There are 2 protein chains.
Amino acid sequence: MATFCMQTLGCEVSAINTVNYSNHVGYKRFKGRKSTADEVAELYAGLKDAGLNNFDVLLSGYCPSAALVEQVGIIARERRLEANTSPGSFFWILDPVMGDNGQIYVAEETVPAYKSLLRDADLILPNQFEAELLSDVKIRDFDSMRQAIRKLHQTYQVPHVMITSVRLPPTQANTPSKEPHPASMAKLSVVGSSANSKGEPRMFRITVPALPVFFSGTGDMFSASLVARLREAAQHAGLLQTEHWQSPDDVQSADLPLAKATEKVLASMHIILKDTAEHYEVAAEKYRDSMDNQLNLGQGEEAKEAKEMERHLRLTRAAEVRVVRNAEVLRHPPDVGEFKAQAVEEGDVKGDHGEDDVADELGVLKVAGGDGAAHQT
Amino acid sequence: MATFCMQTLGCEVSAINTVNYSNHVGYKRFKGRKSTADEVAELYAGLKDAGLNNFDVLLSGYCPSAALVEQVGIIARERRLEANTSPGSFFWILDPVMGDNGQIYVAEETVPAYKSLLRDADLILPNQFEAELLSDVKIRDFDSMRQAIRKLHQTYQVPHVMITSVRLPPTQANTPSKEPHPASMAKLSVVGSSANSKGEPRMFRITVPALPVFFSGTGDMFSASLVARLREAAQHAGLLQTEHWQSPDDVQSADLPLAKATEKVLASMHIILKDTAEHYEVAAEKYRDSMDNQLNLGQGEEAKEAKEMERHLRLTRAAEVRVVRNAEVLRHPPDVGEFKAQAVEEGDVKGDHGEDDVADELGVLKVAGGDGAAHQT
């Protein structure tokens, strides 16, 4: 997913796999193996020996062990050092994949391993739970989110933060009615910030309609597309020779390159995911009836479980993100109209456009479905 | 290379790597490891367990051991059996990577391993030397090439054959002068054939200008692009439900789907390789002078060798095929004008368009450069 998205947006990619699986783990059945830190180190050494390690951007994602997280840090710091004399010539986008919805799905020692890397990252892409783990701030509203982001900017010196899933408890102002929102009305938000020269957050949010299906790989589609779009936006702003591509203090949050890039990425992704959801619904409908009938035939537990698994596999496949056949939409995003970034000012409870959508339970880029524990690979 | 080309042409790809290297071996420096037959078997078993193995097309390339060749055969035969009741629903394109220019660069036992797979392949993509190894016919002219292809069609039951490099010794009619051709005038040919119902070859050739640089990965760009284009041409001809996508006997060689598909692939590739060659020339020019000066400073042997290696690495990098930034050309081939397929009739010595280009020493899709022994990976 990540490699194709970057390539189709014009990036030359050297990919080092941190796992070699037959398929993504959302299927619950997969074979293959995790890479070791040594294997990753060896492949990077090979690139270096061949003079192929002068990357402009490093995108790092899921690491199956704390040792591998540390190895990624070694690579990134080495590149950072090499690029020292030429500001902006190396940019590290770090997706600290650790968990979601209050659950850690990596080894405990991975958390401090990621913390110790933050100082060298240019942009991090935690979801809300991961942002809490990294900042040690419990996020309950925009105020505490600002605190968390400020801590990441100031204590950990991370210039750019993007929280890829926002799931805030209802506030007094926007307690939802007892009726659940119909899925078609659900919204989800991402919140980003680029620090100003004092380390103060410049926060923006973008809200998009949520889709009622879990699509594995959307996190990687987001981060990979952001690599290309952020570089483009930074170039447009004349920041490619500026350390961390950091915008001058007079740039307002909604005008940040990070905001502009994210608008485009989300506008493209929404169309691709909508097409995927439509395809999924057709496929799901087809299996549903026949499967339901089979499940009610009063078979033994084992046969029932096998049928359930079969159904899960088919639905997971139907939910595979249709990115290859929609690559044109990645390359040429539609008008960003409804995906415009909105400034989030100090003291804002609900953002500045007066909607109550941040209170939605469905507020995730990866909308949780049957396999919410799926890793990004 | 192969995965991206197929994806950008709209194919959903499950890739199983037969090697995991840091970079292609044309650099002469690389790290990483070969996959074992067991690893490939395990990943395929994983796909099967998850219900993800119902491929329309299998493209198999370089295998680092005879055991791995056999493993690929096991996978292909299994799919063939499953697809038995539904003709045309599975198509195997086999690139029997064994050597080039009279040199085998895989283990000897790989040759019989490939021979035993031929019966299950739909299309094979040997270069001239590999076609000789598989058919046991020495190819000296179009007559002997027809014999080799006939043997592959009849004895080994391969419906479609594409010889991806043609390098015939000079005939009386077209003995080249002592002067070498200037590189810009060199030509190269591919020769393809789809058997008719009697197993007789329907041979065509396409001649394209050769470029004086070795580009690693062109073989994979060719085979991967052909996957998408051949399926498209077969669909256009209404052959997707026909076993082996075999054309009726009244279809002439130059009108075969294989010919139509190859025209498009070569037309796209030529533009991409021309752009790569131009980029290479600029880069090479830049290094040449400074390097030459450094090489003549009368240093010790070791320092000289290091400089030579450095130069080789840089030039190899400059020759990396610029496919990502030219993907649009793959997706939308130019007019195939000069790449029109020409029938090769029984008794033809030079093909039907009267040029002597088949005699060129440079007649390869992968034009041999400094690293002619580079594997396709």
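Residues numbered from 1 in each chain as written. Chains lettered and ligands numbered in written order. Predicted model: local features only at pLDDT ≥ 70, side-chain atom pairs only at ≥ 80, totals over all residues. Heavy atoms only, no water.

- Chain A is annotated in an unreviewed UniProt entry as pyridoxal kinase from Neohortaea acidophila.

Considerations on the relation of the copies chain A and chain B
Thought 1: Between chain A and chain B, the superposition needs a rotation of 180° and an axial shift of 0.0 Å, giving an RMSD of 0.0 Å. Taken together, the rotation and translation relating the two chain copies correspond to the operation of a two-fold axis.
Thought 2: Comparing contact sets, 100% of the residues at the interface of chain A also lie at the interface in chain B, consistent with an isologous, same-surface contact. (Least-squares fit on C-alpha atoms with pLDDT ≥ 70 in both. Contact = heavy atoms within 4.5 Å.)

Regarding the sheet that holds strand 8 (residues 160-163) of chain B
Residue and element names in this part refer to chain B.
Thought 1: Strand order in the open sheet formed by seven strands is 3-4-7-8-9-10-11, and the pairing between neighbours is mixed. Of all strands in the sheet, those with a lone pairing partner are strand 3 (57-60) and strand 11 (342-343), marking the two edges.
Thought 2: With four bridges joining them, strand 8 and strand 9 (residues 187-194) adopt antiparallel strand pairing. Residue Val-161 lies in a different strand from strand 9, and its bridge partner there is Ser-193.
Thought 3: This element, helix 7 (residues 218-236), spans strand 3, strand 4 (91-94), strand 7 (123-124) and strand 8 of the sheet and lies at about 165° to strand 3. (Pairing = 2+ DSSP bridges. Helix = DSSP H or I, 4+ residues; strand = E, 2+ residues; numbered from the N terminus. Axes fitted to C-alpha atoms, helices over the stretch in contact; angles between N-to-C directions.)

Let's talk about the nonpolar core
Thought 1: One finds A:Leu123 and B:Leu123 to be the most contacted residues of the largest nonpolar core, which totals 121 residues.
Thought 2: When sequence neighbours within four positions are dropped, the list of residues in contact with B:Leu123 reads B:Phe91, B:Trp92, B:Ile93, B:Leu94, B:His160, B:Val161, B:Met162, B:Leu226, B:Leu230 and B:Leu258. (Core = buried A, V, L, I, M, F, W, Y, C linked by side-chain atoms within 4.5 Å. Buried < 20%, exposed > 50% of the residue type's maximum accessible area, 1.4 Å probe, protein only.)

A few points about the packing of aromatic side chains
Residue and element names in this part refer to chain B.
Thought 1: With the rule as written, the count across this model stands at seven aromatic pairs over all chains.
Thought 2: Geometrically, the ring pair formed by Tyr-44 and Phe-55 is tilted, given 6.4 Å between the ring centres and 40° between the ring planes. Linking Tyr-44 in helix 2 (residues 37-49) with Phe-55 in the loop between helix 2 and strand 3, this pair joins segments that are 11 residues apart in sequence.
Thought 3: With centroids separated by 3.9 Å and ring planes inclined at 20°, the aromatic side chains of Phe-91 and Trp-245 adopt a geometry described as stacked. In this pair, Phe-91 sits in strand 4 while Trp-245 sits in the loop between helix 7 and helix 8 (257-295), placing the two residues 154 residues apart along the sequence.
Thought 4: What makes Trp-245 buried here is its relative accessible area of 4%. (Phe/Tyr/Trp six-rings, centres within 6.5 Å; stacked < 30°, edge-to-face > 60°.)

Quick word on the pairing of strand 3 (residues 57-60) of chain A
Regular strands place their side chains on alternate faces of the sheet.
All names here are of chain A.
Thought 1: Pairing of strand 3 with strand 4 (residues 91-94) involves four bridges; the strand directions are parallel. If you follow Ser-60 over to strand 4, its bridge partner there is Leu-94.
Thought 2: Each parallel crossover has a hand, and the one from strand 3 via helix 3 (residues 66-82) to strand 4 is right-handed. (Right-handed = clockwise from strand over helix to strand, strands pointing away.)

Describing a negative patch on the surface
Residues and elements named next belong to chain A.
Thought 1: A surface patch of negative charge is lined by Glu-301, Glu-302, Glu-305 and Glu-308.
Thought 2: Tracing the backbone through its elements, the reader meets Glu-308 in helix 9 (residues 301-318).
Thought 3: For Glu-308, a relative accessible area of 41% gives the class partly exposed. (Patch = residues over 30% accessible without salt bridge, like charges linked within 9 Å, V, L, I, M, F, W, Y side chains within 5 Å. Areas by Shrake-Rupley, 256 points an atom, 1.4 Å probe, with all protein chains shown as cover. Salt bridge = Lys/Arg side-chain N within 4 Å of Asp/Glu carboxyl O. Lys, Arg positive; Asp, Glu negative; His and termini not counted. Charge placed at Lys NZ, Arg CZ, Asp CG, Glu CD.)

Points about the packing of helix 2 of chain B against helix 3 (residues 66-82) of chain B
All names here are of chain B.
Thought 1: Between helix 2 and helix 3, the least distance of the axes is 8 Å, while the angle of their chain directions is 20°. Accordingly, the angle class assigned to the pair helix 2 and helix 3 is roughly parallel. Between helix 2 and helix 3 lies a crossing of right-handed hand. Along its contact with helix 2, which presents Ala-37, Val-40, Ala-41, Tyr-44 and Lys-48, the element helix 3 presents Ala-67, Leu-68, Gln-71, Ile-75, Glu-78 and Arg-79.
Thought 2: The class makeup of the residues in the contact of helix 2 with helix 3 is seven nonpolar, one polar and three charged. (Parallel < 35°, antiparallel > 145°, perpendicular 65-115°, else oblique. Left-handed = near helix turned anticlockwise from the far one by under 90°. Nonpolar A, V, L, I, M, F, W, Y, C, P; charged D, E, K, R; others polar.)

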